[in-house]
Amino acid sequence: MLGQILGGRYRLVQVLGAGGFGQTYIAQDTHRPGQPACVVKHLKPASDQPSFLQTARRLFVAEAEILEKLGGHGQIPRLLAYFEENREFYLVEEFIAGWDLGKVLLPGRCLSEAEVLVLLWDTLQVLEFVHRCQVIHRDIKPSNLIRRKQDGKIVLIDFGAVKQVSTQANPSAGETSLTIAIGSPSYMPSEQLGGQPRPCSDLYALGLVGIQALTGLPPRQLPKDAVSHEFLWRDHASVNPKLADLLDKLVRYDFRERYQTAAEGLQALRLIASQLAAAPPPSPSSPAQPTRPAAAAQPLPQLLGVGALLVAVLLAGGYYRQRTAQPTRLTDEATPSAAVQAAALDPVQWAQRITLAQTLPGQKAVRVLAVSPDGQMLASGSDDNLVKLWDPKTGNRLRTLPGHAGAIQALAISSDGQTLVSGSDDQTIKVWKLGTGKLLRSLSGHRDAVAALAISPDGQTLVSGSADRTIRVWRLSTGQLLHTLTGSTNSVSSLVIAPDGQTLVSCSGEATVRLWNLQTGALSRTLTSPYPVESVGISPDGQTLVSGSPDGIRLWNLGSGDLLRRLPQTSASLASMAISANGQLLLSGIDFRQSVIKLWDARTGELLRLLEGHTYTVASVAFSPDGQAFYSGSIDGTVKIWRLR
């Protein structure tokens with residue numbers, strides 16, 4: 001549908017996402033000066049029976065009216081239009097420029113207590129207004145919380161209107177009432193799963209987001225008490241007891257034991273501040289219809305209002321502590337403020353500010369790079385059969401890991417930053433303790449070079465791909481072989497595991513991309529490309545599959561398999577690629593005919609910049625987790641460090 005004009009004015013220019021209800025697009029409003037961007041949600045009802053369409057239409061209009069009322073709040077997107085065309089329904093909403101937290105709260109990545117307090121405060125203020133309007137959001141999760149670029153405030157999106165319409169019961173069975181559980185199961189409390197959501201159901205989901213931000217653990221990985229069903233998470237975070245108590249009350253299994261309203265939660269946050277400071281912060285103003293921020297230029301995202309006072313209290317009272325026991329959090333070079341400042345730059349600004357900072361020479365051909373989750377260590381593998389560990393801040397070599405008898409072709413680091421895995425032309429896999437360089441075990445079984453590696457987000461599973469045309473799935477902690485996947489006709493060149501840990505994607509220089517069920521080893525789907533695919537990646541939110549071919553990069557909808565766009569490459573071939581932690585930028589390394597790095601806007605497909613410096617094929621590129629830098633390795637024997645200036 002890209003390029004189509006809907007409602008006589010909204011031109012669809014980019015797919016944002018897809019699901020069971022339909023698709024979401026970025027569109028241009030052709031009736032306004034400058035054709036500003038907006039968001040179009042397209043609902044295609046599951047049935048065209050008249051009775052079903054009548055019910056869907058009634059609910060669609062009702063939900064549009066609710067969105068019209070909610071859009072009066074400055075931290076909820078405005079409803080711009082709603083209409084029906086050809087028995088399909090469309091909502092047009094304000095486009096929010098910013099970064100959803102689903103691209104920030106990746107497995108193993110943590111926020112500070114200060115940042116979590118501001119996140120809770122911002123979101124509770126919005127929920128207080130939403131609940132006062134007699135609406136329950138029902139789908140609070142990181143990807144529905146956007147940190148707005150304009151002022152750094154949290155904007156709450158996706159109120160489930162489309163999902164309500166699309167998930168009506170089967171009309172052929174005479175069922176038209178909406179009694180199903182709407183939302184994301186990982187963040188849903190028991191009463192919502194049972195179809196009885198309450199305002200405190202939203203608070204439960206927000207509490208889980210806060211715990212995830214502090215621990216780096218998605219909800220499904222949080223331990224629970226077998227009897228009470230309460231979350232046992234405090235051992236996974238260094239957190240002020242008062243904040244921990246508040247989060248525990250937000251996520252109580254029994255809804256009667258939670259804060260019942262967002263206003264109660266805000267009061268509890270204010271009480272925390274009053275207990276940690278000589279005087280409490282002033283009560284926030286909460287008009288029924290908060291004014292919308294002006295369109296004038298705003299400073300970079302920062303901690304504002306009561307949230308800033310809460311942060312100041314924590315800092316002054318010594319409660320903001322560095323969690324040295326958990327190397328995956330942001331420290332030193334990757335401080336929260338640095339990460340926020342990098343995130344505040346749009347792709348064009350980022351491209352303009354990146355510059356070559358350092359070159360690490362004196363190696364044989366560099367084949368592969370990997371960066372630790374905390375950004376404190378860079379690993380390189382080269383033709384001298386060595387794995388080298390570097391401090392990316394200083395460029396100093398920290399350690400050299402010998403042991404392989406062939407060139408290093410693949411590297412992977414676990415999400416907790418504890419384990420490094422290397423694969424080599426010598427047909428072996430070696431598992432190392434990253435912090436000390438100690439060799440933990442060697443795995444054998446492949447009958448040719450090990451060319452690709454991937455570790456599951458939970459750190460339990462290792463996957464290897466080889467020139468012997470097989471994929472092997474191992475238990476990382478023991479080296480036990482779990483599955484052997486076959487079907488490739490060429491060397492397996494690239495592997496990636498989706499953020500949910502369920503889907504494995506592979507390619508092998510054929511014109512296909514294979515999607516596997518990681519748990520069972522079964523082939524789920526095959527995508528066909530017009531050119532051989534030599535590398536694959538997945539966006540941090542798990543929605544977009546990226547494939548690299550000699551003729552360029554292709555972006556696919558991982559759920560539907562639809563091709564979204566192509567980033568062309570001419571006169572030379574793609575040799576490597578990487579996607580940034582926020583999913584907005586793509587890097588491509590080009591072969592010896594150009595030996596350049598291309599920087600792309602992943603949202604629009606625009607080529608932002610060409611970076612020169614290497615003298616031969618750019619075999620590997622990798623972003624730093626905090627968005628402050630990226631790294632490139634080349635067959636010319638150098639590793640280059642590129643940083644924001």
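Our subject is the structure that appears above.
Read on for an overview of the structure.

Definitions and cut-offs
- Counting restarts for each chain, with residues numbered from 1 along the sequence as it is written.
- It should be noted that, the model being predicted, local features are given only for residues of pLDDT at least 70 and side-chain atom pairs only at 80 or more, the latter also being counted only at that level, while totals for whole chains, interfaces and linings use all residues.
- Only heavy atoms go into the side-chain values, all of them from the structure, while hydrogens and water stay out.
- By this definition, two strands are paired if DSSP reports at least two bridges between them.
- The helix count covers DSSP runs of H or I at least four residues long, the strand count covers runs of E at least two residues long, and both are numbered beginning at the N terminus.
- As a rule, the C-alpha atoms of each element are fitted with a line to give its axis, helices using only the stretch in contact, and angles between N-to-C directions run from 0 to 180 degrees.
- For the exposure calls, accessible area comes from a 1.4 Å probe over protein chains only, and a residue counts as buried if that area is under 20% of its type's maximum, exposed if over 50%, partly exposed in between.
- What a helix is expected to span follows from its residue count: subtract one and scale by 1.5 Å.
- Salt bridge, as used here: a side-chain nitrogen of Lys or Arg that lies within 4 Å of a carboxyl oxygen of Asp or Glu.
- Our arc is simply the arc of the directions from the helix axis toward the C-beta atoms.
- Any angle from 65 to 115 degrees is called roughly perpendicular, while one under 35 is roughly parallel, one over 145 is roughly antiparallel, and all others are oblique.
- Crossing handedness is defined as follows: a turn of the near helix away from the far one that is anticlockwise and smaller than a right angle gives a left-handed crossing, while the clockwise case is right-handed.
- Contact criterion: two residues are considered in contact whenever any of their non-hydrogen atoms come within 4.5 Å of each other.
- Only the six-membered ring of Trp is used, alongside the rings of Phe and Tyr, when aromatic pairs are assigned; centres must lie within 6.5 Å, and planes under 30 degrees apart are stacked while those over 60 apart are edge-to-face, with the rest tilted.

### Some remarks on the sheet that holds strand 10 (residues 354–360)
Strand pairs in the sheet, formed through backbone hydrogen bonds, run parallel or antiparallel to each other.
Now for step 1: An order of 10-37-36-35 is seen for the 4 strands of this open sheet, with the pairing classed as antiparallel. Pairing within the sheet leaves two strands with one partner each, and these edge strands are strand 10 and strand 35 (618–623). In this sheet, neighbouring strand axes are inclined to one another by 20 degrees on average, regardless of whether the strands run parallel or antiparallel.
Now for step 2: Two elements, strand 36 (residues 629–634) and strand 37 (residues 639–644), share 5 bridges in a ladder whose sense is antiparallel. Across the sheet, Phe 630 pairs through a bridge with Trp 642, a residue of strand 37.

### Focus: the environment of Gln 125
Now for step 1: Tracing the chain through its elements places Gln 125 in helix 2 (residues 113–132).
Now for step 2: Exposure remark for Gln 125: the relative accessible area of 16% places this residue in the buried category.
Now for step 3: Between the C-alpha atoms of Gln 125 and Ala 263, which are 138 residues apart in sequence, the distance is 7.8 Å.

### What about helix 5 (residues 199–215)?
Now for step 1: With 17 residues, helix 5 extends 25 Å from end C-alpha to end C-alpha; this agrees with the ideal 24 Å at 1.5 Å per step.
Now for step 2: Burial within helix 5 is extensive, with 16 of its 17 residues counted as buried.
Now for step 3: Phi turns positive one or two residues past the end of helix 5, at Gly 216, with a value near 75 degrees.

### Concerning the sheet that holds strand 13 (residues 387–390)
Now for step 1: Across the sheet, which stays open at both edges, the 4 strands sit in the order 11-12-13-14 with antiparallel pairing between neighbours. The open sheet has two edge strands with one neighbour each: strand 11 (366–371) and strand 14 (397–401). Across the sheet, the mean angle separating the axes of adjacent strands is 20 degrees when strand polarity is ignored.
Now for step 2: The sheet contact formed by strand 12 (residues 378–382) and strand 13 spans 4 bridges and is antiparallel. Among the inter-strand pairings, Ser 380 is bridged to a residue of strand 13, identified as Lys 388.

### Let's talk about the pattern of salt bridges
Now for step 1: According to the stated counting rule, one finds 19 salt bridges in the structure shown.
Now for step 2: Residue Lys 41 is joined to Asp 158 by a salt bridge in which the shortest nitrogen-to-oxygen separation is 3.7 Å. With Lys 41 in strand 4 (residues 37–43) and Asp 158 in the loop between strand 9 (154–156) and helix 3 (161–166), this pair connects stretches of sequence that are 117 residues apart. One exposure class covers both Lys 41 and Asp 158, and it is buried.
Now for step 3: The closest approach of N and O atoms between Asp 601 and Arg 603, which form a salt bridge, is 3.2 Å.

### Examining helix 1 (residues 50–70)
Now for step 1: Spanning 21 residues, helix 1 covers 30 Å between terminal C-alpha atoms, matching the ideal 30 Å at 1.5 Å per step.
Now for step 2: Taken as a whole, helix 1 has its buried residues at Phe 52, Leu 53, Thr 55, Ala 56, Leu 59, Phe 60, Glu 63, Ala 64, Leu 67 and Leu 70. In a view along the axis of helix 1, the buried residues occupy a sector of 170 degrees, so they form one face of it. Exposed positions of helix 1 whose direction lies more than 90 degrees from the buried face are Pro 50, Gln 54, Arg 58 and Glu 68.

### Re the packing of helix 5 against helix 6 (residues 241–250)
Now for step 1: Closest axis-to-axis distance for the helix 5/helix 6 pair is 8 Å, and the angle between their directions is 140 degrees. When the interaxial angle is binned, helix 5 and helix 6 end up oblique. Relative to helix 6, the crossing made by helix 5 is left-handed. Mapping the contact onto sequence places Leu 203, Tyr 204, Gly 207, Gly 210, Ile 211 and Leu 214 in helix 5 and Leu 243, Leu 247 and Leu 250 in helix 6.

### Considering the packing of aromatic side chains
Now for step 1: Across all of its chains, the model carries 7 aromatic pairs by this definition.
Now for step 2: Taken together, a centroid distance of 5.3 Å and an interplanar angle of 20 degrees make the contact between Phe 83 and Tyr 90 stacked. The burial state of Phe 83 is the same as that of Tyr 90; both residues are buried.
Now for step 3: Ring-pair connections join several aromatic residues into one group, and the members of that group are Trp 350, Phe 623, Phe 630 and Trp 642.

Keep in mind that these numbers describe shape and distance, not what the molecule does.
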